[in-house]
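Chains, contacts and geometry: an overview
As a plain string of letters, each chain reads:
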Amino acid sequence: MKINVRNEEVFASTGGRNFDPSGNVVLFIHGSGQSQLGFMLQHRFFANRGFQCVTPDMPGHGLSKGQPLETIEDMAHWYAEFMQTAGIKNASLVGHSMGGLIELELASQYQNLVSKAAFISTALAIPINEALLDLAKNDQRGAIAAMMDWGHGPAGHIHDHSVPGTSHMNYGSQLMANNAAGALYADLVACNLYKSGPIAAESIKCPTLTIVCGQDRMTPRKTGLKLNEAIGGELVEITQSGHMSITEQPFEVNKALKAFL
């Protein structure tokens, strides 16, 4: 579906179903340089099981127009505005990577909008290596290749995909290349600047789930455990997955989310 937020056209996937904002809504929040396509195997799964799923592309990402947002805090405000514009009074949140940082702010500042919050492959803070920041600024294609390499575990590297004929590395690279120029750099800078995770975590009152991955080199297992310690709630570990768990191990992710939601 398409709606206007801040006078810019926003595209949001509904998993191929008509969207009813008064139903049991699950809002997916994508990560750095990603789009709604990263959550394709989650929002279709839940949209066909009675949930009202919605996965918006942030400005400058996927099919949404506008300029990329510059801070995690503003991204959280943007998602709240999206929910209000779409008529969503309450939703369960699912955030991956940078989406988890956004989710921390959204669940802490807009408690009335959030019923549950699931955090996948994320942390209280995501500092970015200066070399990757420089690469994203000056050689986006190189940065994407580096993130695809670093972000996948062994299964991703041998292209062991749940969708026959599909390569994790190639799919992820094409997905990220479809965003506006500079979107990846803006996202990484926003992650690097964000320091309010511990404060936001203290304010979260809703039920939570943290999914950590044993082969995650971008938000390592220990940082996910610190997040879970800060917010409490349920904890699930997917030992055989790298950072891109939502595509690399979608069955395990969906199993954990289904039990939680």
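How each quantity is defined
Residues numbered from 1 in each chain as written. Predicted model: local features only at pLDDT ≥ 70, side-chain atom pairs only at ≥ 80, totals over all residues. Heavy atoms only, no water. Phe/Tyr/Trp six-rings, centres within 6.5 Å; stacked < 30°, edge-to-face > 60°. Helix = DSSP H or I, 4+ residues; strand = E, 2+ residues; numbered from the N terminus. Polar contact = N/O pair within 3.5 Å; in protein donor to acceptor, adjacent residues only side chain to side chain. Contact = heavy atoms within 4.5 Å. Pairing = 2+ DSSP bridges. Buried < 20%, exposed > 50% of the residue type's maximum accessible area, 1.4 Å probe, protein only. Right-handed = clockwise from strand over helix to strand, strands pointing away. 1 Å grid on protein atoms, 1.4 Å probe; cavity = no way out; pocket = protein on both sides within 12 Å on 5 of 7 lines; lining within 4 Å. Points joined across faces, edges and corners; volume = space filled by probe spheres on them. Nonpolar A, V, L, I, M, F, W, Y, C, P; charged D, E, K, R; others polar. Axes fitted to C-alpha atoms, helices over the stretch in contact; angles between N-to-C directions. Parallel < 35°, antiparallel > 145°, perpendicular 65-115°, else oblique.

Evaluated as defined, the whole model comprises five aromatic pairs. Centroid distance Phe-45 to Phe-46: 4.9 Å. Interplanar angle 80°. Geometry classified as edge-to-face. Residues Trp-78 and Phe-82 carry aromatic rings whose centres are separated by 6.0 Å and whose planes lie at 20° to one another, so their mutual orientation is stacked. Taken as a pair, Trp-78 and Phe-82 lie in helix H2 (residues 72–86) at a separation of four residues, close to a single helical turn.

Along the chain, Thr-14 falls in the loop between strand E2 (8–13) and strand E3 (25–29). In terms of polar contacts, Thr-14 uses its side chain to reach the backbone carbonyl oxygen of Arg-17, at 2.6 Å. Those residues in contact with Thr-14, other than ones at most four positions away along the chain, are Met-1, Phe-19, Ala-47 and Cys-53.

Here we take up the pairing of E2. Bridge count for strand E1 (residues 2–5) against E2 is four bridges, and the pairing is antiparallel. Within E2, the residue paired with Val-5 across the bridge is Glu-8. The pairing of E2 with strand E4 (residues 52–56) spans two bridges and is classified as antiparallel. Across the sheet, residue Ser-13 finds its bridge partner in E4, namely Thr-55.

What follows deals with the side chain of Asn-179. If you trace the backbone, Asn-179 turns up in the loop between helix H7 (168–177) and helix H8 (183–193). Relative accessible area serves as the criterion here: at 7%, Asn-179 is assigned to the buried category. For Asn-179, the side chain forms a polar contact with the main-chain oxygen of Gly-33, separated by 2.7 Å. Excluding its chain neighbours within four sequence positions, the residues that come into contact with Asn-179 are Gly-33, Gln-34, Ser-35, Gly-60, His-61 and Gly-62.

Moving on, we get to the pairing of E3. With respect to burial, E3 is a largely interior element, five of its five residues being buried. Because side chains alternate across E3, one face comprises the buried residues Val-25, Leu-27 and Ile-29, and the other comprises Val-26 and Phe-28, equally buried. What joins E3 to E4 is helix H1 (residues 40–47), and the crossover it makes is right-handed. Across four bridges, the pairing between E3 and strand E5 (residues 91–96) is parallel.

Take empty space enclosed by the protein next. In total, this model carries two cavities of 30 Å³ or more according to the counting rule given. Contributing to the lining of the largest cavity are 12 residues, with Gln-34, His-152, Gly-172, Met-244 and Thr-247 lying nearest its centre. Of all the secondary structure elements, the ones that give two or more residues to the lining of the largest cavity are H7 and helix H11 (245–248). When residues of the lining of the largest cavity are assigned to their parent elements, the largest contribution, four residues, is made by H7. Residues belonging to the lining of the largest cavity are distributed by class as follows: five nonpolar, seven polar and no charged.

To continue, consider the sheet that holds strand E6 (residues 114–120). Taken in spatial order, the eight strands make up an open sheet running E1-E2-E4-E3-E5-E6-E7-E8, and their pairing is mixed. On the outer flanks of this sheet lie E1 and strand E8 (234–238), each paired with one strand and no other. Pairwise comparison of adjacent strand axes, ignoring direction, gives a mean angle of 25° for this sheet. Where E6 and strand E7 (residues 208–213) come together, four bridges link them in parallel fashion. From the neighbouring strand, Ile-120 faces E7, where its bridge partner is Ile-211. Along the sheet, H1 makes contact with E2, E3 and E4, crossing E4 at roughly 155°. Sheet strands in contact with helix H3 (residues 98–109) are E3, E5 and E6, and its direction is about 145° off that of E5.

With that out of the way, let us pick up the layout of surface pockets. By volume, the largest pocket is sized at about 230 Å³. Taken together, 17 residues make up the lining of the largest pocket; nearest its centre are Ile-126, Ile-128, Leu-132, Met-147 and Met-218. Across the lining of the largest pocket, the residue classes tally to nine nonpolar, seven polar and one charged.

Moving on to the packing of helix H4 (residues 130–138) against helix H5 (residues 140–151). Look at H4 against H5: their axes get within 5 Å of each other, and the N-to-C directions meet at 135°. Between H4 and H5, the crossing angle belongs to the class labelled oblique. Across the interface between the two elements, Leu-132, Leu-135, Ala-136 and Asn-138 of H4 pack against Gln-140, Gly-142, Ala-143, Ala-146 and Met-147 of H5.

So far we have only geometry, and geometry alone does not tell us how the molecule works.
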